[in-house]
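Reading the structure
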Amino acid sequence: MIKLNINGQAREVDVDPATPILWVVRENLDMTGTKFGCGIAQCGACTVHLDGKPVRSCSTPVSAAEGKAITTIEGIAGEDGTLHRVQQAWIEAQVPQCGYCQSGQIMAATALLQKNPAPTDAQIDAAMAGHVCRCGMYNRIRQAIRAAAGQPAGTETVA
Amino acid sequence: MSGTATDSPAKKGKWTRRAFIGAGVVAGGALVVGVAVRQGNPIDRLSPLLLTSGEDEQLLNAWVKVDADNIVTAVIPHVEMGQGVYTALAQMLADEMDADWNKVRIIEAPADKQYVSDSIGRDFLLPDLEVPALFEPTVAGGILELAQAMGLQFTGGSYSVRATGQRAMRTAGAAAREMLVAAAASEWQVPASEITTADSMILHAGSGKSEPFSKFALAAAEQGLPARPRLKSPENYRIMGQPKARHDIPEKVDGSAIFGIDARVPGMKYAAVRAAPVVGATVESMDATTARTMPGVLQILNMGDFVAVVADGYWQAQQALNSIDTKYSKTEADSLDQDAIFARYARYLDEAGEDGGDMETEEGDAAKGFAEAAIKVEAEYKVPFLAHATMEPMNCTAWVRDGKCDVWSGHQAPVNARQAAADAAGLSFEDVTYHNAYLGGGFGRRSESDNIVMATRIAKATGYPVKMIWSREEDMAQDHYRPSATSRFRGGLDKDGKAVSWSNIHTHLFDPKDAPTVPYYNIASYRIRKVDVPMQLRLGPWRSVDHSQHGFFIESFVDEMAHAAGKDGYAFRRELLAGSARHLKVLDTAAKMSGWGSALPERHGRGIAFVPSFGSIVAQIAEVDMSGPKPKVKKVYVAADPGFVINPDGFTAQMESAIAYGLTAALYGEITLGDGKVRQSNFHDYPMLRINEMPAVEVALINGDHERLGGGGEPGLPPIAPAVTNAIFAATGTRIRELPLSRHNFA
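From a predicted model like this one, the values you see are computed outputs, not experimental measurements.

**Some words on the overall build of chain A**
- The number of helices and strands found in chain A is five helices and five strands.
- Shown N-terminal to C-terminal, the secondary structure of chain A runs as helices and strands in the order β-β-α-β-β-β-α-α-α-α.
- If you line up chain A on its principal axes, its C-alpha atoms span 50 × 35 × 25 Å.
- Residues counted as buried form 57% of the 159 residues belonging to chain A.
- Pairs at least 24 residues apart make up 61% of the contacts formed inside chain A by residues separated by at least 6 positions.

Have a look at this one:
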């Protein structure tokens, strides 16, 4: 049995310790918000936080999560259900199209803002360049991150 | 578009309508009224599928129901893959109905043949036929039957808004409104003409009476059924034309949106699959010695054309599959190598010579025009095969038991998926329940049913529910690829640099045929031919279908002609479009936005491209910085006229998206073959555009013809590649005749 702390809850799972966090979260813990995209850490769709830092859950064994806090897209809203300001900004900017990559994008954006509350466009690009959005909503992603950071659009030249 | 044999007036008379608007009573006594989508009355059958919350709901027609809380639910016969179709179609219905937008809910129609999109069928089969009202009595029914025969409950071709929305959703909303008004008039004993509707309320100014729609939903069923509901004219639109927030977005930011891959069925197991890497090959032998010993493995199946491992978890299944050594039979396609493909195209084109191939369009004497031209231009262009690479890898969950089958996936044509599952399970259509979910990208890939068939076959073999997930590598290797092509042009200009002759011959593997034609350009003579080339590769529609190739070919060649004429690309296109005010307005708008003609820094260039497709007219101007080792597309200006824009923010998002998808292909997209196998496997060798490469996009929308709407999902794509390559020419003098740009060295 592996003991996990996920979204503030203690859970135990009986899986091979080499199993990637992605599949444990999706199949053993029934949280399907975290997505499978490439399996080799090339697209970012599977991004979750380990102790607040973004990791590619498709390529991180669940054993690496022992003793750490896992946060998934299901765990970033407030306890009363109030959306995270990044999620709110995502709705405001009408970011998602198909929506499949968005859990990973939002997890990366929340981690970025935690580390750097006022990122420049270049810093946003650097933090988000590992994430593929096949619908190409990159400009809206940048706009939403800036809005969540309290920087209205147009205050900085697009890099 | 060209005419077809089916649009002759003589044939119309054979088609008759029985009833397009029907009423019925469902079990439990709830009264139901419906605008039927086919001949006869489908309401009895559809009602149980839609009346989910009990007897308080009234089904007003096949596309709308009203419940006791005065909530109007729009039933959308198309699938949501990010294009915003749920919201746009609901806007069309709600506006005609005068519904309160804040009280509108949206559900996807069940995968039932009743919802087959008749308007798609008509546009495919009768492209030139003008049918002023949806329920044109003598035509629509017959077409619907044809459409049903074609198995169309299909989302693609940028058809949803321009066909289903314009012809079906609006009519359904208007019909529902008229029936509610008639019921109120009868109850209140006032003329219907004195009754108004607004925000899901029915009002009578004279008496001061006002009641919610729900009050009359039941009585509406007893009213006469409007044969031709009256649609609003644009000055009365209240919801159409507004940038309404998309209904599907909130659940796409909190992880709760359910995609096909998220299906959950009690007792479900997981399958990983590997299909024969060459088309037509079968599994000759496999060594699964190690796999059998691996944890969680339940079954290892040799399905002939693929191998499947079923396990307790997907990762276990995939690990076990990776350990299986498989040998495949030899096929003709084993010898297919990348270099041989374009050599084959060249051979077929050479063999077609001056008179071979199939004539697509001929006007005037293009050969004579070319022979006599003062300036002659010739060029050959090539584009590669492309994968769709939807973010959600292909998957499907199936459960076959007791003569029944349930299937879960995200598919662009749910009725097709249901039929495919029935065939694979050896059951009837009626014995299959198909559950559609959100599509994690479609782009044409999810119009194919190969994943449905595979999962159903696995589930039939196991007897328990199985979720099959393709690895990204499998998704890349087993796609239905955008056809590659070679296209050759000859153009003639007179001494004043006016285009007088246009000849084109291009290879053709799969796609439909209207993209190579350029009827909007005024050139005295045309000759456009295609040469069919056999190809042992799975091919399929890819966002914007054949316009993705021909948009690049045509707009590159127009630019080459402009250069040969000593004219600038914008001015030259203006001459070609002379006389068409609507086309010119789009072109001029884009040029004006971009500051066309103004100075740019060293090694920067602007390129223009103009492509009408899917009923919409789009011009794009790309600004490219060539000062670095590879092209940097800085900004794209877009002017688009889709007739009338239902949701401006949604349409703008589609333009941004099409530019990203098309630019990814222009910069990097290339599927190559070796020994008949696809060489690319994942995003490291089939790269995607990233956030740091995304150009700024500025979009101007033009409402040029509110009667005939164009599509939104695809028309933004065809102009981007040539706009970029024309900009590269402007910046560097290098003419790009082969994509992707990653093949070229700009250092």
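**Focus on the domain arrangement of chain B**
All names here are of chain B.
- When its domains are assigned, chain B resolves into domain 1 (17-240), domain 2 (260-329 + 394-469) and domain 3 (339-385 + 481-743).
- Put simply, the parts of the chain that give the side of domain 1 that touches domain 3 at least two residues each are helix H3 (85-97) and helix H6 (160-188).
- Broken down by class, the residue content of the side of domain 1 that touches domain 3 amounts to six nonpolar, nine polar and one charged.

**Points about unusual backbone geometry**
Residue and element names in this part refer to chain B.
- For the bond running from Leu739 to Pro740, omega is 5°, close enough to zero to count as cis.
- Tracing the sequence through the fold places Pro740 in the segment after helix H19 (720-732).
- With a phi close to 55°, Phe443 is a non-glycine residue in the positive phi region.
- Within the secondary structure, Phe443 is located in the loop between strand S19 (432-436) and helix H13 (450-462).

**Concerning the pairing of strand S25 (residues 616-625) of chain B**
All names here are of chain B.
- Most of S25 is tucked away, with nine of its 10 residues classed as buried.
- Here strand S24 (residues 604-613) folds back onto S25, and the loop between the two strands holds two residues, one of which, Phe614, carries a positive phi near 50°.
- For S25 and strand S26 (residues 632-641), the ladder comprises nine bridges, and the chain directions are antiparallel. Bridge pairing in S26 links Val618 to Ala640.
- Linking S25 to S26, which pair antiparallel, is a turn of six residues.

Thresholds applied
Residues numbered from 1 in each chain as written. Chains lettered and ligands numbered in written order. Predicted model: local features only at pLDDT ≥ 70, side-chain atom pairs only at ≥ 80, totals over all residues. Helix = DSSP H or I, 4+ residues; strand = E, 2+ residues; numbered from the N terminus. Buried ≥ 20, exposed ≤ 12 C-beta atoms within 10 Å, placed from the backbone. Contact = placed C-beta atoms within 7 Å. Domains from an automatic or database assignment. Nonpolar A, V, L, I, M, F, W, Y, C, P; charged D, E, K, R; others polar. Pairing = 2+ DSSP bridges.

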